[in-house]
Amino acid sequence: TGTRSITTQPLDLSGARNMAFQVRLGGTSSSSCETVDSGEDVVVEYKLSGSTTYTQLKKLAYDGYTTATKVSVTFPSAAVSSAVTLRWRQLSNSGGDFDEWAIDDII
């Protein structure tokens, strides 16, 4: 329960065309990270300066990233701007110590 997200400060993406990052959603056993369940996917989103609405760039399926995996995202032309906020958001979770995920090495 509750919202889990990571949000950047506004970034200058006017010269960017894509980004890459490492992601892990849950794990392969309860001893390493509790497994993320169906419907507990993570989405990558962006919004432009002055907007309150996020637009989805990519959906990371709950069962596709149980080990650290490099993900690449190509920015649509609308996201290539001088003040863009990026957000990684889990759509739902079981709360507390469940449905863990991690993002690293954002470039």
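Residues numbered from 1 in each chain as written. Predicted model: local features only at pLDDT ≥ 70, side-chain atom pairs only at ≥ 80, totals over all residues. Heavy atoms only, no water.

Novice: Looking at this model, I keep getting lost on the environment of serine 81. Mind explaining?
Specialist: With respect to the helices and strands, the residue serine 81 is situated in the loop between β5 (69-74) and β6 (84-90). Ignoring sequence-local partners within four residues, the contact set of serine 81 consists of Leu11, Asp12, Leu13, Ser14 and Leu48. (Helix = DSSP H or I, 4+ residues; strand = E, 2+ residues; numbered from the N terminus. Contact = heavy atoms within 4.5 Å.)

Novice: Explain the sheet that holds β6 here, please?
Specialist: The strands that make up a sheet pair up through hydrogen bonds in the backbone, lying either parallel or antiparallel. Spatially, the four strands line up as an open sheet ordered β1-β6-β3-β4, and their pairing is antiparallel. At either margin of the open sheet sits one strand with a lone partner, and together these are β1 (4-7) and β4 (55-60). Neighbour to neighbour, the strand axes of the sheet diverge by 20 degrees on average, direction disregarded. Relative to β4, strand β3 (residues 42-48) is paired through five bridges, and the arrangement is antiparallel. (Pairing = 2+ DSSP bridges. Axes fitted to C-alpha atoms, helices over the stretch in contact; angles between N-to-C directions.)

Novice: Help me understand the nonpolar core in this model?
Specialist: A general feature of soluble globular proteins is that nonpolar side chains tend to end up buried together. If you look at the biggest cluster of nonpolar residues, it comprises 22 residues, and the most contacted ones within it are Phe21, Leu60, Leu86 and Trp88. For this core, the secondary structure elements donating two or more residues are β2 (18-25), β3, β4, β5, β6 and β7 (101-104). Among the elements that make up this core, the one with the highest residue count is β2 (four residues). When near neighbours in sequence (up to four residues on either side) are disregarded, tryptophan 88 contacts Arg4, Ser5, Ile6, Thr8, Met19, Phe21, Val42, Val43, Val44, Trp101, Ile103 and Ile106. (Core = buried A, V, L, I, M, F, W, Y, C linked by side-chain atoms within 4.5 Å. Buried < 20%, exposed > 50% of the residue type's maximum accessible area, 1.4 Å probe, protein only.)

Novice: Explanation requested: the environment of phenylalanine 21 in the structure shown.
Specialist: Looking at the element boundaries, phenylalanine 21 is found in strand β2. When the C-alpha atoms of phenylalanine 21 and aspartate 104 are compared, they prove to be 6.0 Å apart, with 83 residues separating the residues in sequence. Setting aside chain neighbours within four positions, we find phenylalanine 21 in contact with Val44, Leu60, Thr69, Lys70, Val71, Val73, Trp88, Ile103, Asp104, Asp105 and Ile106.

Novice: How should the environment of threonine 7 be read in this particular structure?
Specialist: Mapped onto the elements of the fold, threonine 7 is located in strand β1. Of the residues examined, threonine 7 reaches a relative accessible area of 43% and is grouped as partly exposed. Sequence separation between threonine 7 and tyrosine 46 is 39 residues; the distance between their C-alpha atoms is 9.3 Å. Setting aside residues up to four positions removed in sequence, threonine 7 forms contacts with Tyr54, Thr85, Leu86 and Arg87.

Novice: What is the right way to look at the pattern of salt bridges in this model?
Specialist: In the structure shown here, the tally under the stated rule is three salt bridges. Put simply, aspartate 41 and lysine 59 hold a salt bridge, and the shortest N to O gap is 3.6 Å. With aspartate 41 in the loop between β2 and β3 and lysine 59 in strand β4, this residue pair connects regions lying 18 residues apart in the sequence. According to the relative accessible area criterion, lysine 59 is partly exposed, its value standing at 46%. A salt bridge links glutamate 45 to arginine 87, with the shortest nitrogen-to-oxygen separation between them at 2.8 Å. In this pair, glutamate 45 is assigned in strand β3 and arginine 87 in strand β6, connecting sequence segments 42 residues apart. Its relative accessible area of 5% is what places glutamate 45 among the buried residues. Relative accessible area serves as the criterion here: at 18%, arginine 87 is assigned to the buried category. (Salt bridge = Lys/Arg side-chain N within 4 Å of Asp/Glu carboxyl O.)

Honestly, it's all geometry; don't read function into it.
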